[in-house]
Amino acid sequence: MAGKFARSWALMKASAGVLRADKSLLLFPLLSGLCSIVVAASFLLPVVLAMIGHHGGDFEGRRFAPAYYVVLFAFYLAQYFVIVFFNTALVGVALARLRGEPAGLADGFALARSRLGSIFGYALIAATVGLFLRALQERLGLIGRFVVGLLGLAWTVATFLVVPVLASEGTGPVDTVKRSAELLKQTWGENVIGNAGLGVVFGLVFFLAALLAAVLVFGAIATQSIAVIAPVIVLVVVGFLLLGLVQSTLQGIYAAALYRYAEAGEAGGGFDQALLESAFRLKR
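Residues numbered from 1 in each chain as written. Predicted model: local features only at pLDDT ≥ 70, side-chain atom pairs only at ≥ 80, totals over all residues. Heavy atoms only, no water.

**Details of helix H4 (residues 105-114)**
Residues spaced three or four apart along an α-helix face the same direction, because each turn holds 3.6 residues.
No. 1: Listed in full, the buried residues belonging to H4 are Gly-108, Phe-109, Leu-111 and Ala-112. Taken end-on, H4 shows its buried residues confined to a sector of 160°, consistent with a single buried face. Opposite the buried face of H4, by more than 90 degrees, sit the exposed residues Ala-106 and Arg-113. (Buried < 20%, exposed > 50% of the residue type's maximum accessible area, 1.4 Å probe, protein only. Helix = DSSP H or I, 4+ residues; strand = E, 2+ residues; numbered from the N terminus. Arc of directions from axis to C-beta.)

**Brief notes about the packing of aromatic side chains**
No. 1: Applying the stated rule across the entire model yields 10 aromatic pairs.
No. 2: Centre to centre, the rings of Phe-75 and Tyr-76 are 6.1 Å apart; their planes meet at 40°, and the pair counts as tilted.
No. 3: Using a relative accessible area of 16% as the deciding quantity, one classes Tyr-76 as buried.
No. 4: Here the aromatic cluster, defined as three or more aromatic residues joined through ring pairs, consists of Phe-28, Phe-81, Phe-85, Phe-86, Phe-109 and Phe-120. (Phe/Tyr/Trp six-rings, centres within 6.5 Å; stacked < 30°, edge-to-face > 60°.)

**Overview of the pattern of salt bridges**
Pairing between side chains of opposite charge can happen when their charged atoms approach one another.
No. 1: Under the defined criterion, the tally for this structure stands at 4 salt bridges.
No. 2: Ionic pairing is found between Asp-22 and Arg-97, a salt bridge with its closest N-O pair at 2.9 Å. Of this pair, Asp-22 sits in the loop between helix H1 (2-21) and helix H2 (27-52) while Arg-97 is found in helix H3 (residues 66-98), placing the two residues 75 residues apart along the sequence.
No. 3: What makes Asp-22 buried here is its relative accessible area of 10%.
No. 4: The partner of Glu-169 in a salt bridge is Arg-179, and the shortest N-O contact between them spans 3.1 Å. You can see Glu-169 sitting in helix H6 (residues 162-169) and its partner Arg-179 sitting in helix H7 (residues 173-187), a full 10 residues away along the chain. (Salt bridge = Lys/Arg side-chain N within 4 Å of Asp/Glu carboxyl O.)

**Quick look at H6**
No. 1: Most of H6 is tucked away: 6 of the 8 residues are buried.
No. 2: Burial in H6 covers these residues: Val-162, Val-163, Pro-164, Val-165, Leu-166 and Ala-167.
No. 3: In the segment just after H6, Gly-170 is the residue with positive phi, at about 60°.

Shown next, in the form of structure tokens:
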């Protein structure tokens, strides 16, 4: 486990090197988050009305009106489309940087726009899977949550490289999912979970940031001065938002590098070839 953690830490640092070279990449997850908030806000009222319209709003029951599922599907579709669109733009720029080619925000958005059909098609597939898992969870209760957890994990693994495939190959949505699963089967195998240590690293960072934030907030409250409390709260919120943006951006760059190695056998700029080879042990 120590070796796996060290490898993920090294990959994160290498990804950070790409991010340091172009901090404007942070704008992709920022815009994605803002658009996702707009989508969520626009669907919140219809969802609530649909649930209340089910004979008094039986929130505890597992049966909902058909309108609830229709609205929920539309929400999933819109959210997935927004997220995949901006992630495709981010990964497209990251792949270009790893190939040593100049690329910027405009190039990323141009690439994402050229993949609109495939992005929408994949969002449609992802929304269908998401709705199916949600319905399964609601109907089976505790067992449903366990089953949904396993199915969700399998789906996440199978589609881990969907966005890099969309950005690089521009295949149709079904072929994109198949290609993602094929690349993972070829290279990751049982090492997928071990290399998820990148998430553990950020979990630790967020934990330490939460402790620091608690100290700052309680210290500010102790002063009983709004002139001190308000700036500290703003600082804490901005700090967590920035950490979230950095994590999302690094994950996009990380996925781009893993795809590049899986597809071309090359690490690309800023990544150690031997390091990626240890992360991609071919199954025998």
